[in-house]
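Structural overview
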Amino acid sequence: MKKIGILTSGGDAPGMNAAIRAVVRSGISAGLEVYGVFNGYEGLVNDNIRKLDRGDVSDIIIQGGTILGSARLEEFKLVEVREKAVANLAKHGIEGLVVIGGDGSYRGALALTEMGINCIGIPGTIDNDIDSTDYTIGFDTALNTVIENVDKLRDTSSSHHRCSVVEVMGNRCGDLAIYAGITTGAEVIVTKETGYDEAEVLERLNYFEQVKGKRHAILIISEKITDVHLLAQKISQHTGFSGRATILGHIQRGGSPTARDRILATQFGDKAVQALMSGEGGRCVGIVSEKVMTIDITEALRTPKKSRKPLFELHDRLV
């Protein structure tokens with residue numbers, strides 16, 4: 001193998017640039033030419049591909065987002081669309097591809113591998129919803145962004161006998177909510193794993209206010225579970241707290257990556273290059289019990305969702 005490519009796909013995540021840097025520099029150190037594919041799978045189809053050198057990735061380790069850009073391309077599911085991508089890779093002589101993204105990006109990487117282009121996936125998603133790895137690139141940075149904002153909300157909540165309802169990202173995975181809830185001392189955490197019972201939430205808040213004498217409360221909830229503004233209104237109506245809703249939204253995606261994400265991304269990028277040079281394809285990088293490894297993408301996509309029950313039990317013992 002003499003030439004490899006790299007792309008970022010799906011939602012951006014802090015640390016993607018650190019992974020790009022690692023792939024480029026590790027590849028060049030191994031004697032490979034490394035090509036950047038701009039705007040994800042769309043760039044593959046449109047031949048938006050160019051060679052990268054060491055200087056192209058200077059200083060990007062500290063930057064959030066992705067210098068390669070990202071885009072979603074539903075049409076990549078079609079064989080005829082992927083055939084265009086394969087033809088473009090062949091035109092540049094690219095024999096292997098590193099794909100940074102979530103499970104949808106993994107499926108694209110697997111499909112390309114089946115068409116003769118060895119691909120290695122790197123988990124880059126702030127939700128931490130790739131269950132074959134303990135942590136994904138971007139999760140730690142996003143978590144620290146949530147913590148910083150919730151800490152500030154608690155300051156103002158305590159001044160106004162208020163319950164702040166904070167909606168965080170994590171459509172299919174509640175890790176941001178549960179980790180943030182524990183580290184900020186939130187009174188209530190709601191995710192798909194806990195389920196949502198409005199009456200129980202209101203009853204619990206009344207307990208904190210009337211029995212425990214709390215003057216303020218924080219409720220952290222994963223996105224797409226309920227209308228948080230309506231929930232805040234009901235908190236005002238049915239508890240002693242004044243409810244206020246805050247949706248953190250895409251602010252969670254931005255910012256300079258934490259040291260943890262920079263190290264993780266660097267390890268993942270280097271491991272991906274090693275895997276391609278060893279002839280691996282259709283596999284993804286992950287970290288399990290602090291060991292960086294690769295596993296089959298099909299197996300990764302079938303990995304059962306990690307239970308966070310011990311974390312929820314820990315939270316309940318401490319509030």
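Located above this text is the structure these notes cover.
In what follows, the accompanying structure is described. (Residues numbered from 1 in each chain as written. Predicted model: local features only at pLDDT ≥ 70, side-chain atom pairs only at ≥ 80, totals over all residues. Heavy atoms only, no water.)

1. Focus: the packing of aromatic side chains
Tallying each qualifying case throughout the model produces four aromatic pairs. Taking 6.3 Å as the distance between ring centres and 25° as the angle between the ring planes, the aromatic pair formed by Tyr135 and Phe139 counts as stacked. Aromatic side chains Phe139 and Tyr179 sit 5.3 Å apart centroid to centroid with 80° between the ring planes, which places their arrangement in the edge-to-face category. Of this pair, Phe139 sits in helix H5 (residues 139–159) while Tyr179 sits in helix H6 (residues 175–184); the two residues are 40 residues apart in sequence, bridging distant segments of the chain. Residue Tyr179 is classed as buried on the basis of its relative accessible area, which comes to 18%. (Phe/Tyr/Trp six-rings, centres within 6.5 Å; stacked < 30°, edge-to-face > 60°. Helix = DSSP H or I, 4+ residues; strand = E, 2+ residues; numbered from the N terminus. Buried < 20%, exposed > 50% of the residue type's maximum accessible area, 1.4 Å probe, protein only.)

2. Here's the deal with the pattern of salt bridges
Here the structure, examined in full by the defined rule, presents 17 salt bridges. For Arg154, the salt bridge goes to Glu187, with nearest N and O atoms at 3.6 Å. Taken together, the residues Arg154 in helix H5 and Glu187 in the loop between H6 and strand E7 (188–190) connect sequence positions 33 residues apart. For the pair Arg154 and Glu187, a shared accessibility class is recorded, and that class is buried. Arg283 is paired through a salt bridge with Glu280; the nearest N and O atoms lie 3.0 Å apart. Sharing partners across several salt bridges, the network here consists of Asp103, Arg107, Asp129 and Arg172. (Salt bridge = Lys/Arg side-chain N within 4 Å of Asp/Glu carboxyl O.)

3. Side note on the pairing of strand E5 (residues 118–123)
Put simply, side chains in a regular strand alternate between the two faces of the sheet. For E5, a buried count of five out of six residues is recorded, marking the element as mostly surrounded by other parts of the structure. In this fold, strand E4 (residues 96–101) hands off to helix H4 (residues 103–114), which returns the chain to E5; that crossover is right-handed. (Right-handed = clockwise from strand over helix to strand, strands pointing away.)

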